[in-house]
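# Structure assessment
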Amino acid sequence: LEVRIDLALGACYLLKEMYSQAYECFMDGVKLNQETVNDPHLQFYLDNNLLVLMMDTNNDGDMISLGERLLSNVQTDLNRYYAYANIGVCHFTKEAFDTALCYFDTAYNYCHSPIEKATILNYQAQTQFALGRYEEAVLVCDSVLRFLGTTDSEIRPKTLILKGVLLSELNKNDLALRYIDEGIDIARTAGFLATENMGLRNKCDLLFALRRYEDYAYATKQYTTVNDSVNRLNDIHRLHQLEAQHDLEMVK
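Residues numbered from 1 in each chain as written. Predicted model: local features only at pLDDT ≥ 70, side-chain atom pairs only at ≥ 80, totals over all residues. Heavy atoms only, no water.

## Some details on the side chain of Glu-196
Following the sequence through the fold, Glu-196 ends up in helix α11 (residues 193-209). A relative accessible area of 6% places Glu-196 in the buried class. Glu-196 has contacts with Ile-184, Ala-187, Arg-188 and Val-226, leaving out every residue within four places of it along the chain. (Helix = DSSP H or I, 4+ residues; strand = E, 2+ residues; numbered from the N terminus. Buried < 20%, exposed > 50% of the residue type's maximum accessible area, 1.4 Å probe, protein only. Contact = heavy atoms within 4.5 Å.)

Spelled out as structure tokens, the structure:
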């Protein structure tokens, strides 16, 4: 029960971006689990959350070793998709793109749903983009959109925007703008503010590169408005985080 409490509390802290407290809970849970019940199911979730925490904080700890420990856990057989996906993201953040692709390829084989497949393919498309393989990345984006179908997911507008950016790299600028605009519209309608912001930023960059300065000026106004909203939300989130930190310290 104590291990489960550490896991649940650590997950709450992680959600609130209270990383030091989350890390302490997860590490306490790991130690207690190893000293008592040695439950592989609990060990998997503790290790997986530690891996996510390290990625969120750009921690230079030994994420790869932690990932290998995840894969050696028999419980991981039921959750191997998550393990391989997170290890792939670790390699991506370290710019080991070819290695990341290998892990994403393996993760794909363990997917259980179209959403999981779309998520992995989106990672693959981003990695191909980072490697400068634009045509391959466009094809992967098309696969993402096919798997999503009519599913309401933020992956869709992100993928449409990414495909637009890729097409701009291939000098298909009119088509690129159409995909970016479609992604922006979906994100705006669904309330995915950060994705809308990303799309507008890429649209501004493309319009400026094309010397379409009037369109660029209009898009910049839109981007500024949305970006201000994102910054305000970030400030509010940070304030809530500090309030939670203060409340925690008062309890101690």
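Structure's up, so let's keep going.
## Here's the deal with the nonpolar core
Among the nonpolar cores identified, the biggest contains 32 residues, and Ala-22, Phe-26, Leu-46, Leu-51, Leu-71, Ala-107 and Ile-120 are the most heavily contacted of them. Put simply, the parts of the chain that give this core at least two residues each are α1 (2-15), α2 (19-35), α3 (40-56), α4 (63-72), α5 (80-93) and α6 (97-109). Among all residues touching Phe-26, those that are not within four sequence positions of it are Asp-6, Leu-7, Gly-10, Ala-11, Leu-14, Leu-46, Asn-49, Leu-50 and Leu-53. By size, the runner-up hydrophobic cluster in this structure holds 29 residues, among which are Leu-160, Leu-162, Leu-166 and Leu-200. (Core = buried A, V, L, I, M, F, W, Y, C linked by side-chain atoms within 4.5 Å.)

## Points about the packing of aromatic side chains
Per the stated rule, a full pass over the model turns up 9 aromatic pairs. On the basis of an interplanar angle of 20° and a centroid distance of 5.2 Å, the ring pair of Phe-104 and Tyr-123 is categorised as stacked. With a gap of 19 residues between them, Phe-104 in helix α6 and Tyr-123 in helix α7 (residues 114-130) connect regions that are remote in the sequence. Aromatic side chains Phe-129 and Tyr-134 sit 5.8 Å apart centroid to centroid with 55° between the ring planes, which places their arrangement in the tilted category. (Phe/Tyr/Trp six-rings, centres within 6.5 Å; stacked < 30°, edge-to-face > 60°.)

## Topic: the packing of α6 against α7
The geometry of α6 relative to α7 is characterised by a closest axis approach of 10 Å and an angle of 165° between their N-to-C directions. In terms of axis orientation, α6 runs roughly antiparallel to α7. In this structure, α6 meets α7 at a crossing whose hand is left-handed. On the side of α6, the interface is formed by Phe-97, Ala-100, Leu-101, Phe-104, Asp-105, Ala-107 and Tyr-108, while α7 contributes Lys-117, Ile-120, Leu-121, Tyr-123, Gln-124, Thr-127, Gln-128 and Ala-130. (Axes fitted to C-alpha atoms, helices over the stretch in contact; angles between N-to-C directions. Parallel < 35°, antiparallel > 145°, perpendicular 65-115°, else oblique. Left-handed = near helix turned anticlockwise from the far one by under 90°.)

## Observations regarding the side chain of Lys-203
On the secondary structure map, Lys-203 appears in helix α11. For Lys-203, a relative accessible area of 16% gives the class buried. A polar side-chain atom of Lys-203 sits 2.8 Å from a polar atom in the side chain of Asp-181. Look past the residues within four positions of Lys-203 in its chain and what remains in contact with it is Leu-177, Ile-180, Asp-181, Ile-184 and Ala-219. (Polar contact = N/O pair within 3.5 Å; in protein donor to acceptor, adjacent residues only side chain to side chain.)

## Notes on unusual backbone geometry
A positive phi is found at Asn-38, a non-glycine position, where the angle reads about 50°. Within the element layout of this structure, Asn-38 appears in the loop between α2 and α3. When its relative accessible area of 53% is taken as the criterion, Asn-38 is described as exposed. Positive phi is not limited to glycine here, since Asn-171 has a value of about 65°.

## Quick word on α6
The terminal C-alpha atoms of α6, which comprises 13 residues, lie 19 Å apart, in line with the 18 Å expected from a rise of 1.5 Å per residue. Along α6, the positions that sit buried rather than exposed are Phe-97, Ala-100, Leu-101, Tyr-103, Phe-104 and Ala-107. In an axial view of α6, the angular spread of the buried residues amounts to 165°, which keeps them on one side of the axis. (Expected span 1.5 Å × (residues − 1). Arc of directions from axis to C-beta.)

## Side note on the packing of α5 against α7
Where α5 meets α7, the axes come as close as 11 Å, and the angle between the chain directions of the two elements is 20°. Relative to α7, the element α5 is oriented roughly parallel. Considering only the axes of α5 and α7, their crossing is left-handed. Only Glu-116, Thr-119, Ile-120, Tyr-123, Gln-126, Thr-127 and Ala-130 of α7 make contact with α5, whose side of the interface consists of Tyr-81, Tyr-82, Ala-85, Val-89 and Phe-92. Looking at the contact of α5 with α7, its residues break down into 8 nonpolar, 3 polar and 1 charged. (Nonpolar A, V, L, I, M, F, W, Y, C, P; charged D, E, K, R; others polar.)

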